[in-house]
Amino acid sequence: MDKILIRGNGALNGTIPISGAKNAALPLMIASLLTSEPLTLENMPRLADVEALKSILSNHGVDYRVMGKRPGDTDMTGQRIAFQASEIVDTTAPYDLVRKMRASFWVIGPLLARSGVARVSLPGGCAIGTRPIDLFIESLEALGAEFDIDAGYVNAKAPANGLKGARFRFPKVSVGATHVMLMAATLADGETVIENAAREPEVGDLANCLNAMGADISGIGSSTLTIRGVTSLHGANHEVLPDRIETGTFAACVAMAGGDVLLKNARTELLQVALDTLEKTGTSVAMTNEGLRVSRKSGEIQPVDFTTDPFPGFPTDLQAQYMALVTRASGVSHVKEMIFENRFMHVQELARLGANISIDGQTATVTGVERLSGAPVMATDLRASMSLVIAGLVADGETEVNRVYHLDRGFELLEEKLSAVGADIERVSGG
Ligand code: UD1
């Protein structure tokens, strides 16, 4: 297994290109199941999760083709991939494929809408809480689907004459369940109104793509989505939006190490609350024509309190990274996690690097320390892994991050991007 070695190396300076968003790319790929025509996705990140989902989709009959580079494209430019599900050849998503990534469960929506049946293994994914599926089932039941669960599989069946539009209010905001209901409703008979829908930008990106495929969705960006069902969808071209979590993560790297970095293609409106939080730590952020410029010249990192919430609140996917940042603040910060019940696994690992953090229920109290020191640590989940890299950027000596396959799931060309701005980071095989 690979590991990543980081040695504290001072300020970061230069440009980091921001990739297409993983959390948009995955549902967009799944949307290709809704039509027999090709869906071409641009700005696709090269990630282990994208590869895993390709295998899952090919099992259902999706062919994919990576298109050639265009003039001006570099190794950092996102890929252009065409997905085509001419025919759904299998409506079962088996355990072996689904267990690696929770989002693969989302195929249940399009399979049900297009083929009328789906048998999907109960999901796996990051160990950050119980992550149940009740909201998926309730919302699809509202469209007329019937369910039974046996031997670790969810069996779903649409009525003989197809799914039927309905009004449904999510009792709790769920990104995945919103994606799935949205996809299923595009081909349902009549109008569907989704209330308390997730407003995450990736939901909007999916809705815009579905409209380009011939769907009729309004209310995009709000918490009420109205979908007027159509009989079929067609192919389209769609560019994946920039990754706000990658943006916020590299911004935290610069805040931690100091320096001045342009996050090319980043868009502030996708993570305003996280950037406001960053400014409170004494970091400057400015939108330019090319992207987001993040700088911290000198001075202490100021402590800051933040609470995770559904969009537009502070993203849970940046909680670990910003916690790493305030481990070096000149005072006490409070971090409250409201989305997942078990998302403080990085705390123990940060403590191994010298951080002073105590947990009481959903709140972590972080007392800033003057120095961190490098040590072997273990990545526990995708975003948490990055908190260890961020701490490693300023720790004395060498930080060795093990289990980096977590990072490969969601951060494209991580070592290349960070070394290009001056970080001392390398990947070594084994360990
Ligand atoms: C997505 C993101 C993930 C992010 C999360 C919250 C992708 C691929 N993943 O995950 O990176 O951390 O949103 O922003 O986009 N819940 C239920 N019942 C359900 C479904 C969810 O109780 O049926 C709960 C979950 O346990 C959690 C909360 O709802 O407490 C939010 O989860 P959800 O928004 O569904 O997260 P994901 O879509 O899995």
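Scroll up to find the structure.
Residues numbered from 1 in each chain as written. Predicted model: local features only at pLDDT ≥ 70, side-chain atom pairs only at ≥ 80, totals over all residues. Heavy atoms only, no water.

## With respect to the overall build of the protein
Move 1: Per the secondary structure count, the protein includes 14 helices and 24 strands.
Move 2: Relative to the 2.2 N^0.38 estimate, which gives 22 Å for 431 residues, the radius of gyration of the protein is 22 Å and therefore close to what a compact globule would have.
Move 3: Viewed in the frame of its principal axes, the protein has a C-alpha envelope of about 65 × 50 × 40 Å.
Move 4: Evaluated residue by residue, the protein yields a buried proportion of 56% over its 431 residues.
Move 5: In the protein, the share of contacts with a sequence separation of at least 24, taken over all contacts with a separation of at least 6, comes to 75%.
Move 6: Looking at the protein as shown, the accessible area adds up to about 16,200 Å², and 46% of this sits on carbon and sulfur atoms.
Move 7: Of note, the protein has its 39 positive side-chain charges centred 1 Å away from the centre of its 51 negative side-chain charges. (Helix = DSSP H or I, 4+ residues; strand = E, 2+ residues; numbered from the N terminus. Rg over C-alpha atoms; globule rule 2.2 N^0.38 Å. Buried < 20%, exposed > 50% of the residue type's maximum accessible area, 1.4 Å probe, protein only. Contact = heavy atoms within 4.5 Å. Areas by Shrake-Rupley, 256 points an atom, 1.4 Å probe, with all protein chains shown as cover. Lys, Arg positive; Asp, Glu negative; His and termini not counted. Charge placed at Lys NZ, Arg CZ, Asp CG, Glu CD.)

## Things to note about the site of the ligand
Move 1: Neighbouring residues of the ligand: 19 residues in total, closest Asp134, Ser174, Val175, Asp317 and Ile339.
Move 2: Between the ligand and Leu135, the relevant distance is 2.8 Å, taken from an oxygen atom to a main-chain nitrogen or oxygen of the residue.
Move 3: Gly176 is positioned with one of its backbone polar atoms (N or O) 2.8 Å from an oxygen atom of the ligand.
Move 4: Contact with the protein chains covers 91% of the free accessible surface of the ligand, which is 750 Å².
Move 5: At the level of secondary structure, the elements contributing two or more residues to the shell around the ligand comprise helix 5 (134–142) and helix 6 (175–186).
Move 6: Counting residues per element, the shell around the ligand draws most heavily on helix 5, which supplies 3 residues.
Move 7: Here the residues of the shell around the ligand are counted per class, giving 9 nonpolar, 4 polar and 6 charged. (Near = heavy atom within 4 Å. Polar contact = N/O pair within 3.5 Å; in protein donor to acceptor, adjacent residues only side chain to side chain. Nonpolar A, V, L, I, M, F, W, Y, C, P; charged D, E, K, R; others polar.)

## Re a negative patch on the surface
Move 1: On the surface, Asp134, Glu138, Glu141 and Glu146 cluster together into a patch of negative charge.
Move 2: Here the element with the most residues in the negative patch is helix 5; it accounts for 3 residues.
Move 3: Structurally, Glu146 is set in strand 8 (residues 146–150).
Move 4: A relative accessible area of 57% places Glu146 in the exposed class. (Patch = residues over 30% accessible without salt bridge, like charges linked within 9 Å, V, L, I, M, F, W, Y side chains within 5 Å. Salt bridge = Lys/Arg side-chain N within 4 Å of Asp/Glu carboxyl O.)

## Side note on helix 4 (residues 108–115)
Move 1: In terms of burial, helix 4 is largely enclosed, as 6 of its 8 residues are buried.
Move 2: Within the sequence span of helix 4, burial applies to Ile108, Gly109, Pro110, Leu111, Leu112 and Ala113.

## Details of the pattern of salt bridges
Move 1: Applying the stated criterion across every chain, the model contains 26 salt bridges.
Move 2: Salt-bridge contacts for Glu400 lead to Lys3; the nearest nitrogen and oxygen are separated by 3.5 Å. Of the two residues, Glu400 is situated in strand 23 (residues 398–402) and Lys3 in strand 1 (residues 3–7); the sequence distance between them amounts to 397 residues.
Move 3: Residues Glu412 and Arg46 are paired through a salt bridge, measuring 2.6 Å at the closest nitrogen-oxygen approach.

## Looking at the sheet that holds strand 1
Move 1: With respect to topology, 4 strands assemble into an open sheet ordered 22-23-1-24, the strand pairing being mixed. Edge strands, defined here as strands with exactly one partner in the open sheet, are strand 22 (376–378) and strand 24 (424–428). Across the sheet, the mean angle from the axis of one strand to that of its neighbour is 25°, orientation sign disregarded. (Pairing = 2+ DSSP bridges. Axes fitted to C-alpha atoms, helices over the stretch in contact; angles between N-to-C directions.)

## A closer look at unusual backbone geometry
Move 1: Phe311 connects to Pro312 through a cis peptide bond whose omega is 10°.
Move 2: Secondary-structure assignment places Pro312 in the loop between strand 18 (306–307) and helix 10 (319–326).
Move 3: Residues other than glycine seldom take positive phi values, yet Ala151 does so here, at roughly 50°.
Move 4: Positionally, Ala151 belongs in the loop between strand 8 and strand 9 (153–157).
Move 5: The exposed category is assigned to Ala151, whose relative accessible area is 70%.
Move 6: In this structure, Leu413 takes a positive phi of about 50° despite not being glycine.
Move 7: By the element assignment, Leu413 lies in the loop between helix 13 (405–410) and helix 14 (414–420).

## A few points about the sheet that holds strand 16 (residues 284–287)
For sheets, the rule is that strands pair by backbone hydrogen bonds, running either parallel or antiparallel.
Move 1: Spatially, 4 strands are ordered 2-15-17-16 in an open sheet, and the strand pairing comes out mixed. Every other strand in the sheet has two partners, leaving strand 2 (12–17) and strand 16 as the edge strands with one partner each. Direction aside, the axes of adjacent strands within the sheet are offset by 15° on average.
Move 2: Pairing analysis gives 6 bridges linking strand 15 (residues 259–264) to strand 17 (residues 291–296), with the strands arranged antiparallel. Bridge pairing links Val261 to Val294 in strand 17.
Move 3: In the packing of helix 8 (residues 244–257) onto the sheet, the strands contacted are strand 2, strand 15 and strand 17, and the crossing angle to strand 17 comes to about 20°.

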